[in-house]
Amino acid sequence: MSHLILSEFDIIFAGGGTTACVVAGRLAAYDPSLRILILEAGQHTLNKPIHVQPYQYPFNQEPASTTVTFNIGNPSPRLNGRAPIVPCGRCVGGGSCVNFMVYTRAPASDFDDWGANGWESEALIPLMKKLETYEVQPGRRTHGYDGPIKVSSGGCKLDISDEFIHVGTTYHKRQYADDTDDLETCNTYSPWGKYIDGTTGKRSDAAHYYIYNQAHNPNLHVWDGKRVKRVIFEDKRAVGVEFTSDPVSSPDADQSSSTVRALKLVVVSAGAFGSPGILERSGIGAEAVLKRCGIEQLVNLPGVGENYRDHNLVFAPYLAADGVVTTDALLRDESVIQGENVLVTIPALYNYLNALESLAQWNSSGKSLIAQNGLDSKIKWRPDDEELKAMGSAFLPRWKEFFQDRPDKAVAIFTAFAGSVPPFSSILPPPRNYIAAGYYTLYPVSVGSVHINVTENGKEGIDFTTGFLDDPSDIVPLDFAYKKTREIFRRMPSYRGEVTAGHPDFPEGSAAACREVSGPVDLNGPDIIYTAEDDEAINQFHRDTMQTIRHSLGTCAMKSEAYQGVVDARLNVYGVSNLKVADMSISPLNVGTNTYSTALLIGERAAMIIAEDLGINCT
C-alpha cells in the first residue's frame, strides 16, 4: 500500500473515507487481480492511538486537528447570526476513524422510502448482517455474526447508563428493550452498542477492517495526502483523475498536479462535502455555480451540491456526584505513560483503576475506560399524546404528515453522556466529574446546500448553507427535549445540579434557574414550571448552541434527474459513463440513525453493484 508510482489502474476511488474503504476492500477480496487505487487527502490511520483507542475520539475534534476538515457554513439568522461549523473525516477511513462509535441503525422503512430499485430494505438487510459481527447478544434475527465490523458493549459499563434507564422507565413511563437497533423497535430505553471490538477493545473502523487487513494484496493501493481535483473525461467517459498533494497533510510536498488513468471505473467517494466539489470542478453541476467559478460545463446537473441534510444536536452539561466514574479523568491529560507499542495519555482514574492498571488491562484484555465512549444508553424518542400537546401547534403538521402513522420513526434520540463535552469541557475546572444530556433530532425538515466558490483572493472556497432550523418546526423538539432530559437528569442519583454556562440564560428569579444542589429531586416530585420568558430563553439557547452531529448527507442524491438527482440506482452519474458516486452524499432522504451504519451499508451495496457491472462473483 505504499506510493508505488503507476500510471493506470482498473478502478480509482476519489476519496478514502468509510464507504470507499468498504467498496475497495470488498472488490479487492472478490478479485485480487483488480488494480485498485484509493486517493485520500488525509493521512493514514494504521494503528495510531488517536484512531484505535476509543476514548481518544474527542481529540479528533479539537480546533488544531488535521484528521477532520472543519467546514464553515454561511451565517444564519436562524442561528442568531452564527456561522455553523461542520466537521467531516479527513483521513484514511474517514468518519469511521474519528466518530463517536455509537451503534445505531435506521428503521428499515427509511430505505424503502428512498424508492430506488435494489435499495429496498428486503434487499439491504442481508448486507446489514454481512458487514457486522454483533457481539452484544446472540441469535438476533436482523443482526450479523460473521462480518468484519465488530459491535460490542465496550470495555466497561458506566453506572450513569443504569440511572438514565431507570428514570426513563419509571418517571418517563417508557418501556425497556435490550435491542432498539433491530430495524423497527422505537420509543423504549435501551443499552447502546458500540463500534468497538469486544476482544481487543479497539475502534472497529472501515480502514482497519476492510483495507489494512489486506496489506498482502499488491494490487490494492492507498495514496494518502493526495487531494483529487477533478475527474478526467474523454467524450463524457471518465478515464482518470487529476490530483495534487494535499497542503494540510503534505505541506512541504510539490503542489503541482498529476494524473492517473482508470481503465474500468472512477468512483467519487469523498463524502457529502467532497463529492459534489469534485463533480463541480469536473464540469458537472448547475450552470450558475460553474460559471461563477470559471469552469466549463460538461453536464448540466443542477442537483449537485443540493439536498444537504444533517441532524441537529445539543448537549447540556450537569454536575456529577463525587466518586461517579466518567470519562473526564481520561481526557484531562494529567500524565503520559508509555504503553506497549503505543504512547498514550492517561490520568489518574478516580476510584476506578490507576493509570498503569487501566493501560495494562486494555492491552491484555481490551477492557477498561480506554475502550469507552461515555455513551451506554439511549432512547429513540417519540412524543406521547401529553408530550405532543405540550410541544404546541408548530410541530403538529410535521407530526401528522411524517411521524404519526410511522411508529418505527423516532423524532429524536436522548442519551446520557458520562463526562463533559465541548465547548464546555475546556472551561470546566478539574477534578470534578460531569455528566451531560445529549439530544438530537433525526428528521429535520430544513435542507441546505454545498458548492464550490471562488474567494476574493482567487482561491477555491466553499459556499455552504446548512439550513439548520430554517423550518420553524425543527426547533420545537429541541426545546421540548431540553425540558424532558433536564427532568430525567434531576432524578438521577448522580445529579448535583446544572453547569450554568451550558444552559439557557433564564431570567432572574425564574423557577428554572440553574444551580448546584446537594442531590436529586424525588422521582415523583413536580416538574419545573416554565414561563413564556423561560421558553424564550430555551429557544435562544438552542439557536446559540445547536450544532451538527456530523451526519452530513444528500448532496449527490440518488433519485430521478427530474427531481435534482445526481446518480441513478446503480450509482451512475447522470450524463456521463464510467463514473459512480458511493458515499453518504447519495442518500436522498435523511436516515434515523448515526450514519456510520448507513455508510457501511452503502459501501456493501456499491461493491455488489460494481462487481455485477464487471462480471465479478461477489457471493
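Overview of the structure. All values derive from a computational prediction rather than experimental measurement. (Residues numbered from 1 in each chain as written. Predicted model: local features only at pLDDT ≥ 70, side-chain atom pairs only at ≥ 80, totals over all residues. Heavy atoms only, no water.)

### With respect to the nonpolar core
As a reminder, the rule being used: Here the nonpolar core consists of buried residues drawn from Ala, Val, Leu, Ile, Met, Phe, Trp, Tyr and Cys, with membership extended through side-chain atoms lying within 4.5 Å. Relative accessibility thresholds used throughout: buried, under 20% of the residue-type maximum; exposed, over 50%; partly exposed, between the two (1.4 Å probe, protein chains only). Runs of E in the DSSP output that reach at least two residues are strands. Runs of H or I that reach at least four are helices, and both are numbered from the N terminus. In this description, contact between two residues means that some pair of their heavy atoms is separated by no more than 4.5 Å.
Core analysis: the biggest nonpolar cluster contains 176 residues, and Phe 13, Leu 27, Trp 119, Leu 279, Ile 284 and Leu 579 have the highest contact counts within it. Top contributing element to this core by residue count: helix α14 (residues 596–614), with ten residues. Sequence-distant contacts of Ile 284, that is, excluding residues within four places in its chain, are made with Phe 233, Leu 279, Leu 290, Val 299, Leu 301, Val 304, Val 573, Val 576 and Leu 579.

### Examining the packing of helix α1 (residues 18–30) against α14
Operational definition: Interaxial angle, 0 to 180 degrees, is taken between N-to-C directions of lines fitted to C-alpha atoms, where a helix line uses only the stretch in contact. Here a crossing is taken to be left-handed if its near helix is turned anticlockwise relative to the far helix by less than a right angle, and right-handed if that turn runs clockwise. Note on residue categories: nonpolar means Ala, Val, Leu, Ile, Met, Phe, Trp, Tyr, Cys or Pro, charged means Asp, Glu, Lys or Arg, and polar means any other residue, Gly included.
Running from N to C, α1 and α14 cross one another at 35°; their axes reach a closest spacing of 8 Å. Two packed elements cross with a definite hand, and for α1 against α14 that hand is right-handed. Residue-level inspection shows Thr 18, Thr 19, Val 22, Val 23, Arg 26, Leu 27 and Tyr 30 of α1 in contact with α14, the latter providing Tyr 596, Ala 599, Leu 600, Ile 602, Gly 603, Glu 604, Ala 606, Ala 607, Ile 610 and Ala 611. For the contact of α1 with α14, a count of residues per class yields twelve nonpolar, three polar and two charged.

### Considering helix α11 (residues 396–403)
To keep it simple, the criterion reads: By arc we mean the arc of the directions from the helix axis to the C-beta atoms, nothing more.
When we look at burial in α11, the residues that qualify are Arg 398, Trp 399, Phe 402 and Phe 403. Within α11, the buried residues cover an arc of 100° as seen down the axis, which keeps them to one side. Opposite the packed face of α11, turned more than 90 degrees from it, sit the exposed residues Pro 397 and Glu 401. The secondary structure elements touched by the buried residues of α11 are α10 (385–391).

### As for the packing of helix α4 (residues 121–130) against α14
Inclusion rule: Orientation labels follow simple angle bins: below 35 degrees gives roughly parallel, above 145 gives roughly antiparallel, 65 to 115 gives roughly perpendicular, and whatever is left gives oblique.
Here α4 crosses α14 at 110°, and the two axes come no closer than 9 Å. The angle between the axes of α4 and α14 places the two elements in the roughly perpendicular class. Both α4 and α14 take part in a crossing whose hand is right-handed. On α14, the residues that touch Leu 124, Leu 127, Met 128 and Lys 130 of α4 are Leu 601, Glu 604, Arg 605 and Met 608. Taken together, the residues of the contact of α4 with α14 break down into five nonpolar, no polar and three charged.

Such coordinate-based values are descriptive only and should not be taken to indicate function.
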